[in-house]
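Understanding the architecture of this molecule
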Amino acid sequence: MRNLLFLLLLAIAQPVLAQSDFLLSGPMVGYCEMREALLWVQTNGPAVVHFEYYAEDAPEKKMRTLYHKTTAARAYTAHAIADQVQPGKTYIYTLFINDQAVKRPYATTFKTPPLWQFRTEPPAMKIALGSCLFINDSTYDRKGRPYGGNYEIMEQIASEKPDIMLWLGDNTYLREADWFTRTGIIHRYTHTRNVKEMQPLLAGSANYAIWDDHDYGPNDSDRTFRNKEMTEEAFRLFWGNPTYGLPEQGGITSSFQWGDADFFMLDNRWFRTPNNKQTEVRTVLGEEQLRWLIDALVSSQATFKFVMIGGQVVNNADVFENYANLAPAERNFILNSIASEGLKNVIFLSGDRHHSEFSVWERNGTTIYDFTASPLTSGSHDASDEPNRYRMEGSHVGIRNYGMMEITGPRSERKLVFSLFDTEGKKLWSYEIMAK
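What comes next is a walk through the structure. (Residues numbered from 1 in each chain as written. Predicted model: local features only at pLDDT ≥ 70, side-chain atom pairs only at ≥ 80, totals over all residues. Heavy atoms only, no water.)

A look at the pairing of strand β13 (residues 254-258)
Of the two faces of β13, only one is covered, namely that formed by S254, F256 and W258; the face formed by S255 and Q257 stays uncovered. In this structure, β13 lies alongside strand β14 (residues 261-265), joined through 5 bridges in antiparallel fashion. Paired with F256 across the two strands is F263, which belongs to β14. Between β13 and β14, which follow one another and run antiparallel, lie 2 residues, and G259 among them has a positive phi close to 60°. (Buried < 20%, exposed > 50% of the residue type's maximum accessible area, 1.4 Å probe, protein only. Helix = DSSP H or I, 4+ residues; strand = E, 2+ residues; numbered from the N terminus. Pairing = 2+ DSSP bridges.)

Rendered as structure tokens:
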């Protein structure tokens, strides 16, 4: 009788144990396509995980992913594929650890892109974006005032229920103690992902990410970084992009489509020449990725073509790691190629700078935009005196912030509104363009 009572109590306690003792971070929604979506989780030790999900309009039809065992070799992360979905639906999902449901105190949902071509008008879309996410860690941080803060900004973004969240680089900050070991790299990615304010945003929107120097390696790092294969591995483990890298090239380059928008996700570190190299023409993207970008933009049939990149492209100030400073010939090639090909509605989405602004480049009937959103939680600074002649008046912001883009209207009159918000959700500015 005593053994039976013990087993009964253990069975009753198991769901609590699953939540408090096994779940470390997540769940997170990764890429979402019309016929499948990626769901991610990290446990703090070996466990067996899976997800159950159902369409919001058909709760009686429950589906499940395959079971996955989390292991130390994969930092106890799991990528599960929900492969019984249909286009244009909202799904509600539940994480299971060791066959016990793990309920979260916030919405766990994902949407699949609609199948609209040749059928309906393109869908309305709400896209959040930001960069430079520093999470304090006193053991490894520099002395003095903490560099990170206002983590609640992520809860504010989640409250707006964006369809997509774009992480534009420096999504974690590797420290000096992290750079040269897999142990340090995995620790840093794990430490950042575990922050509680991040969880609702991860759980309720499709998350897509690129990297910049701090989640790739040391400050201003380039193609020579010894452990870039290790940080690429960590990036793959902790994010859920549809693909990683061009064929046989390495890195994290990718792309995806949502509605009538194409998104091109660039790697500005893997192929980059050292910033101070004087004996060759410097590159940020490398020859193969540069060719792919221009070809992909030319091939795109999307109304809006978004190019995600860690650093600013349009800003002409030759300072820090601006494209105009590091590789002016390559920057000019990109801008002039877009103009020469007659491409419309090309928008660069950038981070890195610890301030935000909206830049507009115009030449011979071509207009190119650069929406910089930085920082989320890192230290910010005022760069209003920086000589960026393409900056839209009133768009410079030198405090922590996030961006939002909303696309609405019929295909013949598509409208894109760019907005910037502070940590509490107060709108700082807004610009509107009509598709050409």
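Some points on the nonpolar core
Ranked by internal contacts, the top residues of the largest apolar core, which has 99 residues, are F110, L166, W167, F263, F306 and L349. Leave out the neighbours within four places in its chain, and L349 touches L129, L166, L168, F306, V307, M308, I309, F371 and M405. In this structure, L285, L335, L343 and I368 belong to the second largest nonpolar core, which totals 23 residues. (Core = buried A, V, L, I, M, F, W, Y, C linked by side-chain atoms within 4.5 Å. Contact = heavy atoms within 4.5 Å.)

Notes on the packing of helix α7 (residues 287-299) against helix α9 (residues 328-340)
For the pair α7 and α9, the least separation of the axes is 10 Å and the interaxial angle reads 15°. With respect to their mutual orientation, α7 and α9 come out roughly parallel. In this structure, α7 meets α9 at a crossing whose hand is right-handed. Every residue of α9 that contacts α7 at L290, I294 and L297 is listed here: E330, F333, I334, S337 and I338. Grouping the amino acids of the contact of α7 with α9 by side-chain chemistry returns 6 nonpolar, 1 polar and 1 charged. (Axes fitted to C-alpha atoms, helices over the stretch in contact; angles between N-to-C directions. Parallel < 35°, antiparallel > 145°, perpendicular 65-115°, else oblique. Left-handed = near helix turned anticlockwise from the far one by under 90°. Nonpolar A, V, L, I, M, F, W, Y, C, P; charged D, E, K, R; others polar.)

Considerations on the sheet that holds strand β16 (residues 346-350)
Adjacent strands of a sheet form backbone hydrogen bonds with each other and so pair up, either parallel or antiparallel. One open sheet accounts for 6 strands, arranged β13-β14-β15-β16-β18-β17; its pairing is mixed. With one partner strand each, in any of the chains shown, β13 and β17 (357-363) form the two edges of the open sheet. In this sheet, adjacent strand axes meet at a mean angle of 20° when their direction is disregarded. In the sheet, strand β15 (residues 304-309) pairs with β16 via 5 bridges, with the strands oriented parallel. Following the sheet pairing, F306 is matched in β16 by I347. Seen against the sheet, α7 touches β13, β14 and β15 and runs at an angle of roughly 180° to β14.

Notes on the packing of aromatic side chains
Inspection of the entire model under this criterion finds 33 aromatic pairs. Considering the side-chain rings of F371 and F418, the 5.5 Å spacing of their centres and the 85° angle between planes classify their relative orientation as edge-to-face. With F371 in strand β18 (residues 366-372) and F418 in strand β20 (residues 415-422), this residue pair connects regions lying 47 residues apart in the sequence. Given the relative accessible area of 0%, F371 is considered buried. Each member of the aromatic cluster is reached from another via a ring pair, and the members are W167, W179, F180, W211, Y216, F225, F235, W239, Y244 and W270. Sitting over the ring of W40, R193 keeps its end group 4.7 Å from the ring centre. Across the ring face of W239, the terminal group of R193 is positioned such that the distance to the ring centre comes to 4.4 Å. (Phe/Tyr/Trp six-rings, centres within 6.5 Å; stacked < 30°, edge-to-face > 60°. Lys NZ or Arg CZ within 6 Å of the ring centre and 35° of its normal.)

Considering unusual backbone geometry
Keep in mind that most residues, glycine aside, have a negative phi and that most peptide bonds are trans. Put simply, G26 and P27 share a cis peptide bond, and its omega is 5°. Here the residue pair S374 and P375 is connected by a cis peptide bond, since its omega of 0° sits within 30 degrees of zero. The phi torsion at D220 lies on the positive side, around 60°, for a residue other than glycine. Within the secondary structure, D220 sits in the loop between α5 (213-216) and α6 (228-238). Exposure remark for D220: the relative accessible area of 31% places this residue in the partly exposed category.

Let's talk about the sheet that holds strand β21 (residues 427-434)
Spatial ordering of the open sheet is given by β12-β11-β10-β19-β20-β21, a layout of 6 strands whose pairing is mixed. At either end of the open sheet lies a strand with only one pairing partner, and these are β12 (206-210) and β21. Going across the sheet, the axis of each strand differs from the next one's by a mean of 20°, ignoring polarity. Looking at chain direction, strand β19 (residues 401-408) and β20 are connected through 8 bridges and run antiparallel. Of the residues in β20, the one forming a bridge with I407 is L416.

Regarding the packing of helix α3 (residues 182-193) against α6
Where α3 meets α6, the closest approach of the two axes is 10 Å, and the angle between their N-to-C directions is 30°. With respect to α6, the element α3 is oriented roughly parallel. As for how α3 packs across α6, the hand of that crossing is right-handed. The residues of α6 that touch α3, namely those facing R182, I185, I186, Y189, T190 and R193, are M230, T231, E233, A234, F235, L237 and F238. Its residues assigned to classes, the contact of α3 with α6 comprises 8 nonpolar, 2 polar and 3 charged.

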